[in-house]
Amino acid sequence: MTKRIPLSGQQVGWSLAAAVLLFAAGLWLFTRLEPRPAAQSKLPAEEFEQRVRSYLLDNPEVVAEALQRLEERQRAAEASESKSVLAKRAEEVFRDPASPVGGNPQGDVTLVEFFDYNCSFCRQMAPHVTKAERDDPRLRIVYKDISILGPNSSFAAKAALAAHRQGKYVAFHKALMEAKDSHNEASILEAAGRVGLDLERLKRDISEPSIQDVLDRNLALAQALRIDGTPAFVIGDQIARGAVDLATMQDMIRAAREKK
């Protein structure tokens, strides 16, 4: 199952939002249930709380509707913020020289994939990405591993970037994505040998700090784009979080090309 990236303060923010919402509901109910001239004394706190509580218990759909609207507004705000971040960091997203490239390196539309080699959904998406690449000779693909599923994922990601130094990234990437089960160090090295990598050089390069730096930057970029799990795809100015079908992916590619 795909692990989510913890977003600092997100759950706290929702709790605060719910508290503010309930407080606002209470104030609204106060004006509805007990209109009084300004000179009159206020409704006693205990009675006020009891009336609010009774109303909410009798009409829970009011709170549900308000929370739904709050969630819709937050999603819209997050989407707007993500697009703004994407526009500001387009070079890092689409043209980071440290990110391996597949498909047509000179393609007119770029598909950026955030993934983890031990994410089963990412492996399920691999045939769709391959089909999109095969059907579209103008598609450029950028690979950004964020390795969020533990040490074996991290080892796979480092091995793939080490394979990039030997000019065999795409072949190794596809070998890892074709696996039916999760990877461990042994299966990763077996795949490396199968695609013709120099294993001794690979093991040396895996420990290079510059490789870890690439993974750290990928993760920070994913968080900035509010990508909180894998897989995720960026195409043009669109971000798809989670698995998508081939038709949706191709629609996103088509839309990005039309905007050009």
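> Even after reading the chapter, I still don't get the packing of aromatic side chains, so can you show me in this structure?
In this description, a pair of aromatic rings is defined by centroid distance and the angle of the planes. For the structure on display, the rule yields three aromatic pairs. Aromatic side chains Phe115 and Tyr143 sit 6.5 Å apart centroid to centroid with 90 degrees between the ring planes, which places their arrangement in the edge-to-face category. With Phe115 in strand β2 (residues 109-115) and Tyr143 in strand β3 (residues 139-145), the pair connects residues that are 28 residues apart, well separated along the chain. The same class applies to Phe115 as to Tyr143, namely buried. Ring centres of Tyr143 and Tyr169 lie 5.4 Å apart, and the angle between their planes is 45 degrees; on these two criteria the pair is classed as tilted. In this pair, Tyr143 sits in strand β3 while Tyr169 sits in helix α7 (residues 169-177), placing the two residues 26 residues apart along the sequence. A residue is classified by how much of its surface remains accessible, and Tyr143, at 3% relative accessible area, is buried.

> Would you explain the side chain of Lys144 in this entry?
Relative to the helices and strands, Lys144 resides in strand β3. One buried charge, Lys144, has no salt-bridge partner; the nearest side chain with opposite charge is Asp96, at 4.2 Å. A distance of 2.7 Å separates a polar atom in the side chain of Lys144 from a polar atom in the side chain of Ser99.

> Please clarify how helix α10 (residues 209-224) should be interpreted in this entry.
For an α-helix the count is 3.6 residues per turn, leaving residues at separations of three or four pointing the same way. For α10, spanning 16 residues, the distance from its first C-alpha to its last is 23 Å, which sits close to the expected 22 Å at 1.5 Å a residue. Turning to α10, its buried residues number three or more, namely Ile211, Val214, Leu215, Asn218, Leu221 and Ala222. In an axial view of α10, the angular spread of the buried residues amounts to 125 degrees, which keeps them on one side of the axis. Taken together, the buried residues of α10 touch α4 (90-94), β2, β3, α6 (151-164) and α9 (199-206). One or two residues past the end of α10 sits Arg226, with phi positive at roughly 60 degrees.

> Is there a simple way to explain unusual backbone geometry in this structure?
Leaving glycine out, the prevailing phi sign among residues is negative, and the prevailing peptide bond configuration is trans. Here Thr230 and Pro231 are connected by a cis peptide whose omega angle stands at 0 degrees. With respect to the secondary-structure elements, Pro231 resides in the loop between α10 and β4 (232-235). For Ser147, which is not glycine, the phi torsion reads 30 degrees and is therefore positive. Position of Ser147 relative to the elements: it lies in the loop between β3 and α6. Looking at Ser147, the relative accessible area reads 18%, which means it is buried. Positive phi values are uncommon outside glycine, yet Arg226 reaches one of about 60 degrees. Topologically, Arg226 is positioned in the loop between α10 and β4.

> What's the story with the layout of surface pockets in this structure? I'm lost.
One water molecule sets the probe size; rolling that probe over the atoms shows where empty space is left. In this structure, the second largest pocket encloses a volume near 240 Å³. Residue lining of the second largest pocket: Phe94, Arg95, Gly107, Asp108, Val109, Thr110, Arg140, Gly236, Asp237, Ala256, Lys259 and Lys260, and that is the complete set. Split by residue class, the lining of the second largest pocket holds three nonpolar, three polar and six charged.

> What exactly am I supposed to notice about the nonpolar core here?
One broad trend across soluble globular proteins is that nonpolar side chains are buried collectively. Core analysis: the biggest nonpolar cluster contains 45 residues, and Phe172, Leu202 and Met249 have the highest contact counts within it. Examining the composition of this core, we find that eight residues originate from one element, α6, more than from any other. The next biggest cluster of nonpolar side chains, apart from the first, holds 17 residues, and it includes Ile146, Ile148, Leu225 and Ile239.

About the cut-offs
- Residues numbered from 1 in each chain as written.
- Predicted model: local features only at pLDDT ≥ 70, side-chain atom pairs only at ≥ 80, totals over all residues.
- Heavy atoms only, no water.
- Phe/Tyr/Trp six-rings, centres within 6.5 Å; stacked < 30°, edge-to-face > 60°.
- Helix = DSSP H or I, 4+ residues; strand = E, 2+ residues; numbered from the N terminus.
- Buried < 20%, exposed > 50% of the residue type's maximum accessible area, 1.4 Å probe, protein only.
- Lys, Arg positive; Asp, Glu negative; His and termini not counted.
- Salt bridge = Lys/Arg side-chain N within 4 Å of Asp/Glu carboxyl O.
- Polar contact = N/O pair within 3.5 Å; in protein donor to acceptor, adjacent residues only side chain to side chain.
- Expected span 1.5 Å × (residues − 1).
- Arc of directions from axis to C-beta.
- Contact = heavy atoms within 4.5 Å.
- 1 Å grid on protein atoms, 1.4 Å probe; cavity = no way out; pocket = protein on both sides within 12 Å on 5 of 7 lines; lining within 4 Å.
- Points joined across faces, edges and corners; volume = space filled by probe spheres on them.
- Nonpolar A, V, L, I, M, F, W, Y, C, P; charged D, E, K, R; others polar.
- Core = buried A, V, L, I, M, F, W, Y, C linked by side-chain atoms within 4.5 Å.

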